[in-house]
Amino acid sequence: MEIENELNISPVYSPMELDLDEGRRIEVLKAKSQEPIPDPDGWLEEELQRSVLVTTLDAALNWGRQWSCWPMFFGLACCSFEMIAGAALRFDISRFGMEIMRASPRQADLLMVTGTVTWKMAAAVKMIYDQMAEPKWVLAMGSCATSGGPFADSYSVVPGVNRILPVDVYVPGCPPRPESLYYGILMLREKIAKDSIKRS
Amino acid sequence: MTKPLIAKEVAEKIGGQLPEAVVECNESGVLVKSDSLLQACQFLYQTDGLNFDYLVNLTGVDYLDYIEVVYHLVSMRHNHSIVIKTRCYDREQPSVPSVIDIWHGADYQEREVYDLLGIRFEGHPNMKRIFMWEGFEGYPLRRDYL
């Protein structure tokens, strides 16, 4: 039937079928991620077990890494607004020497997963993590990224981002205040200080 | 502020042009048959004095006995609004005509209703899932999901 329309625009749809491919990738990722990835715990080893030869090198490297975290410019849900508030001038993340958020994963070494990760987004989060250069760390911010939060049993939400990525620091809260995020970042620094190049 | 039109008056206008299109009307809106939904919408879009040129919202509700599709219409010209509803009783193959030829804004919203409630919009040029990924089983907003 002919409909008179003042605008007379016909929508344009791509003939390329990308969604089928995307759906297949998500199904594969979901099937692979049914168990949580164990948290990296190499830094918990006793001081005595460390090799004497690399200790000084470790100390120098870790000192450098510790004070130059470059976060990924990446937000998923409402927790990102706390991160943005944390980066803005009232709370001022630059007091800790890491105010430059990189828009490219190749220039970043800290991935802050701020918010609910859906299975559809999980493929993109995993891709960003894979594109980051070593050494890299992951901070799960908020209840949703930590455990799925209120959506843990949902059909579409990843129950904790540790299903798809190894998580270094969990920051609880819904959403955590910027101070909590800073505290998580300071904890991450302590963790980095205890790491060794033998394990990376 | 946008003035909500009285559903009964609008239902009488639709009934004058399309007899048997209106099933019932109450304070919440006008319920039309899904067979004559497209003609009713076209009538609301074109008729002088109504001129509903803007589809604010299109959504679906599962009432177990039937699935209802709700259209919130606004006329920018006259600054008034109306709610149109239609029902499909078939839970296996529910289908409703698409209003995308009248309001292009229905494109993504019809895909959303299809994605979450499984209602097929006949005549939609790109009827596929929008929130869930391709290959997802079932329609999660239905009451009998899970």
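Residues numbered from 1 in each chain as written. Chains lettered and ligands numbered in written order. Predicted model: local features only at pLDDT ≥ 70, side-chain atom pairs only at ≥ 80, totals over all residues. Heavy atoms only, no water.

All names here are of chain B. Relative to the elements of secondary structure, Lys 33 occurs in the loop between strand E3 (29–32) and helix H2 (37–46). Here the alpha-carbon distance between Lys 33 and Cys 88, two residues 55 residues apart in the chain, equals 8.8 Å. In this view, Lys 33 contacts Glu 20, Ala 21, Val 23 and Thr 86; residues no more than four positions away in its chain are not counted. (Helix = DSSP H or I, 4+ residues; strand = E, 2+ residues; numbered from the N terminus. Contact = heavy atoms within 4.5 Å.)

Right, let's get into the pairing of strand E5 (residues 67–75) of chain B. Residue and element names in this part refer to chain B. Counting buried residues along E5, eight of its nine residues qualify, which places the element largely inside the surrounding structure. Both strand E4 (residues 54–62) and E5 contribute to a ladder of eight bridges, which runs antiparallel. Along E5, the bridge assignment pairs Leu 55 with Leu 73. Taking the residues that link successive antiparallel strands as the turn, the E4-E5 hairpin has four residues, and the phi of Leu 64 there is positive, at about 70 degrees. (Buried < 20%, exposed > 50% of the residue type's maximum accessible area, 1.4 Å probe, protein only. Pairing = 2+ DSSP bridges.)

Attention now goes to unusual backbone geometry. Of note, the bond from A:Glu134 into A:Pro135 is cis; its omega dihedral lies within 30 degrees of zero at -5 degrees. Checked against the element boundaries, A:Pro135 lands in the loop between helix H4 (119–131) and strand E2 (137–141). Note that the residue after A:Cys174, namely A:Pro175, is joined by a cis bond; omega there is -15 degrees. By secondary structure assignment, the location of A:Pro175 is in the loop between strand E3 (169–171) and helix H6 (178–193). Despite not being glycine, B:Glu20 shows a phi value in the positive range, around 75 degrees. With respect to the secondary-structure elements, B:Glu20 resides in the loop between helix H1 (7–17) and strand E2 (22–26).

Geometric descriptors of this kind do not, in isolation, establish any biological role.
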